[in-house]
Amino acid sequence: MQNTSPAETNETLKIEGLSKAFDGRYALENISFSVRRGEIVGLIGRSGAGKTTLLRCLNGADSVDSGRVLVEGRNLSTLKERELLVLRQRIGLVFQGFNLLQSRTVSGNISLALEILGVPRKERLHRIQQLIHLVGLEGHEAKYPSQLSGGQKQRVGIARALAGHPAILLCDEATSALDPEATTSILTLLETINTELGVTIVLITHEMDVIRRLAHRVLVLDQGRIVEDISGEALSRGEAEHSLTQSFISRLSNNAEDMEVAGYASSGF
Ligand SMILES: Nc1ncnc2c1ncn2[C@@H]1O[C@H](COP(=O)(O)OP(=O)(O)OP(=O)(O)O)[C@@H](O)[C@H]1O
Ligand SMILES: [Mg+2]
């Protein structure tokens with residue numbers, strides 16, 4: 001059977017034996033894990049571990065060489081192009097660099113996502129207002145990205161990602177370009193999106209604060225393999241088993257300043 005009915009399972013995402021190579025080298029090797037509906041999963045690992053590649057496989061932007069990615073019970077690789085496009089609306093993407101169109105206003109950037117989804121103009125205007133309110137950008141609708149702070153830009157990025165009412169939000173270092181204050185406000189927003197809208201979140205981060213604050217569960221990726229799959233509680237009790245997870249925790253202490261002192265920037269994390 002290619003697909004599993006989501007009704008049979010509480011799994012929003014299920015990855016089975018996923019492998020992906022570039023130029024004959026594995027970027028991901030035999031990855032398996034599931035993400036439950038409403039869960040927030042943190043993905044950590046050194047630079048080049050395969051985190052972004054994994055996220056791209058989860059939303060169908062990258063094809064897999066072997067294994068399966070099931071989104072709400074549907075196998076991405078067996079879907080026709082049109083079906084894949086529809087399913088990808090169930091998955092929102094948030095990027096470190098915001099990826100906003102400089103020539104469009106806040107409303108225009110959000111509108112673009114809705115235009116791509118084929119939402120009619122009148123509905124679009126209504127939805128833009130809803131999203132602006134959700135991410136707290138009232139009064140900034142007519143501003144261009146160059147007139148916004150980093151945190152505000154990321155709010156636009158999040159609004160855009162939520163345009164199609166996704167079940168899953170995939171965040172690739174969404175707060176890495178932000179100062180601590182903006183990071184905190186974006187984390188609060190992500191928390192609200194998770195608890196109030198029930199959106200499942202998978203987030204890549206280098207920041208221990210993000211893990212501590214948000215992650216129900218943490219996957220540690222090393223050289224394309226999952227070396228640890230641990231709950232947030234177990235992690236904070238110091239029960240990590242893999243040396244890489246332990247070094248991640250010990251190297252990254254409570255705040256960004258400490259991370260600088262600990263040589264975070266050059267540590268590969
Ligand atoms: N399009 C591509 N073509 C060739 N190799 C690639 C491509 N994308 C990724 N890779 C390789 O796959 C491996 C994993 O890359 P990936 O970008 O997933 O790492 P990452 O964990 O996200 O790293 P970082 O923390 O630096 O963002 C790396 O060795 C990278 O060079
Ligand atoms: Mg990456």
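The structure under discussion appears in the preceding block.
Residues numbered from 1 in each chain as written. Chains lettered and ligands numbered in written order. Predicted model: local features only at pLDDT ≥ 70, side-chain atom pairs only at ≥ 80, totals over all residues. Heavy atoms only, no water.

**Remarks on the overall build of the protein chain**
In plain terms, the rule: Secondary structure elements are defined from DSSP: runs of H or I of at least 4 residues count as helices, runs of E of at least 2 residues count as strands, and each element is numbered from the N terminus. Any residue under 20% of the maximum accessible area for its type is buried, any over 50% is exposed, and the rest in between are partly exposed; the area is computed with a 1.4 Å probe on protein chains only. What makes two residues a contact is simply this: any of their non-hydrogen atoms within 4.5 Å. Only the protein chains shown count as cover for residues, and the accessible areas themselves come from Shrake-Rupley with a 1.4 Å probe.
Counting secondary structure elements, the protein chain contains 11 helices and 10 strands. Within the protein chain, buried positions represent 49% of all 269 residues. Contacts spanning at least 24 positions in sequence make up 68% of the contacts within the protein chain whose residues lie at least 6 apart. If you sum the accessible surface of the protein chain, you get close to 12,800 Å²; carbon and sulfur atoms cover 48% of it.

**A closer look at the packing of helix α3 (residues 106–116) against helix α5 (residues 150–161)**
Cut-off, in case you're wondering: Note on geometry: axes are C-alpha line fits, over the in-contact stretch for helices, and angles between N-to-C directions span 0 to 180 degrees. For classification purposes, an angle smaller than 35 degrees is called roughly parallel, one larger than 145 roughly antiparallel, one from 65 to 115 roughly perpendicular, and anything else oblique. In a left-handed crossing the near helix is turned counterclockwise from the far helix by less than a right angle, and in a right-handed crossing that turn is clockwise. In this classification, the charged set is Asp, Glu, Lys and Arg, the nonpolar set is Ala, Val, Leu, Ile, Met, Phe, Trp, Tyr, Cys and Pro, and all remaining amino acids, among them Gly, are polar.
Across the interface, α3 lies against α5 with an axial gap of 8 Å and an inter-helix angle of 25°. Taken together, α3 and α5 sit at an angle that is classed as roughly parallel. Crossing of α3 against α5: the hand is right-handed. Seen from α3, the contacting residues are Val106, Asn109, Ile110 and Ala113; seen from α5, they are Val156, Ala159 and Arg160. Classifying every residue of the contact of α3 with α5 gives five nonpolar, one polar and one charged.

**Examining the environment of leucine 137**
Along the chain, leucine 137 turns up in the loop between α4 (121–135) and α5. Take leucine 137: its relative accessible area is 1%, and that puts it in the buried class. The spacing of leucine 137 and valine 106 is 31 residues in sequence and 8.6 Å in space, taken between C-alpha atoms.

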